There are 2 protein chains.
Amino acid sequence: MIFEIAEIEVKEGEEALFEAAVAKAVPLFKRSKGCRGLELQRSIETPCKYRLVVKWETVEDHVVHFRGAEEFQEWRKLVGPHFSAAPVVGHTRTVLAGF
Amino acid sequence: MIFEIAEIEVKEGEEALFEAAVAKAVPLFKRSKGCRGLELQRSIETPCKYRLVVKWETVEDHVVHFRGAEEFQEWRKLVGPHFSAAPVVGHTRTVLAGF
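Note that the coordinates shown come from a computational prediction; the quantities given were computed from them, not determined experimentally. (Residues numbered from 1 in each chain as written. Chains lettered and ligands numbered in written order. Predicted model: local features only at pLDDT ≥ 70, side-chain atom pairs only at ≥ 80, totals over all residues.)

### Quick notes on the overall build of chain A
Next up, step 1: Check the secondary structure of chain A and you find three helices and four strands.
Next up, step 2: Traced from its N-terminal end to its C-terminal end, chain A shows the element sequence β-α-β-β-α-α-β.
Next up, step 3: Over its C-alpha trace chain A gives a radius of gyration of 13 Å, about what one expects of a compact globule, namely 13 Å for 99 residues.
Next up, step 4: Taken over the C-alpha atoms alone, chain A extends approximately 35 × 35 × 20 Å along its principal axes. (Helix = DSSP H or I, 4+ residues; strand = E, 2+ residues; numbered from the N terminus. Rg over C-alpha atoms; globule rule 2.2 N^0.38 Å.)

This is how it looks when you write it as structure tokens:
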């Protein structure tokens, strides 16, 4: 299991629209191969900055299968208009689950 | 409940030492006021980059109580020598728990 971490900056004033678009997009992820969870976090210091955390079984499930699928096009159509910059995307794995 | 997200870059070759130091520091967080969880994630693309995710009841529990406590000094003594740059720290809250 790995995490996709997407840092997304949203146009000022479009935060509620963006959050609603992500909520609408949840089924796209839910039905994608290897997708095991999705959570949207919002920065407290910089409220136009969000962190989308998506759990995938493998990196390939995200970058090959999802990005090559129709679901990715639909996802970008829903949320893309609210981005103020290109998202910064990386992948992590948990190396220590302290408590 | 909020998340502290600390982006930490570790000196090349000191990754295992850093991970062991974080493991050793777990009790410092566990006994701190309002601390509800700790997880260490490691970047897949850039393995010297880590993301420490700490759950706190409030931002103040982290920036006022923890940073003002002896535990913070002990934490920095354990992990600080392995940092290659000053960590970048922010706070988030979950606005959507998709699934």
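### Observations concerning the sheet that holds strand β4 (residues 88-97) of chain B
Next up, step 1: Taken in spatial order, the eight strands line up as β1(A)-β3(A)-β2(A)-β4(B)-β1(B)-β3(B)-β2(B)-β4(A) and close into a barrel, and their pairing is antiparallel. Shown here is a sheet whose adjacent strand axes are inclined to one another by a mean of 35°, direction ignored.
Next up, step 2: Across five bridges, strand β2 (residues 35-43) of chain A lies against β4 of chain B in antiparallel orientation. Note on β4 of chain B: the bridge partner recorded for R42 of chain A is R93 of chain B.
Next up, step 3: The strands touched by helix α2 (residues 59-66) of chain A within the sheet are β1 (2-9), β2, β3 (49-56) and β4 (88-97) of chain A, with β3 of chain A carrying the most contacts at an inclination of about 105°.
Next up, step 4: Its contacts with the sheet place helix α1 (residues 15-30) of chain B against β4 of chain A together with β2 (35-43) and β3 (49-56) of chain B, and it is angled at close to 165° to β2 of chain B. (Pairing = 2+ DSSP bridges. Axes fitted to C-alpha atoms, helices over the stretch in contact; angles between N-to-C directions. Contact = placed C-beta atoms within 7 Å.)

### Some remarks on the relation of the copies chain A and chain B
Next up, step 1: Rotating chain A by 180° and translating it 0.0 Å along the rotation axis places it on chain B, where the RMSD comes to 0.0 Å. Here the two chains are linked by the operation of a two-fold rotation axis.
Next up, step 2: Most of the interface of chain A is mirrored in chain B, where 100% of its interface residues are also at the interface. (Least-squares fit on C-alpha atoms with pLDDT ≥ 70 in both.)

### A closer look at the interface of chain A and chain B
Where the parts come together, the accessible area they lose is often given as the size of the interface.
Next up, step 1: Taken together, the contact pairs 29 residues of chain A with 29 residues of chain B.
Next up, step 2: Elements with a contribution of two residues or more to the side of chain A that touches chain B: β1, α1 (15-30), β2 and β4 of chain A.
Next up, step 3: The element contributing the most residues to the side of chain A that touches chain B is β4 of chain A, with eight residues.
Next up, step 4: Split into classes, the residues belonging to the side of chain A that touches chain B amount to 14 nonpolar, eight polar and seven charged. (Nonpolar A, V, L, I, M, F, W, Y, C, P; charged D, E, K, R; others polar.)

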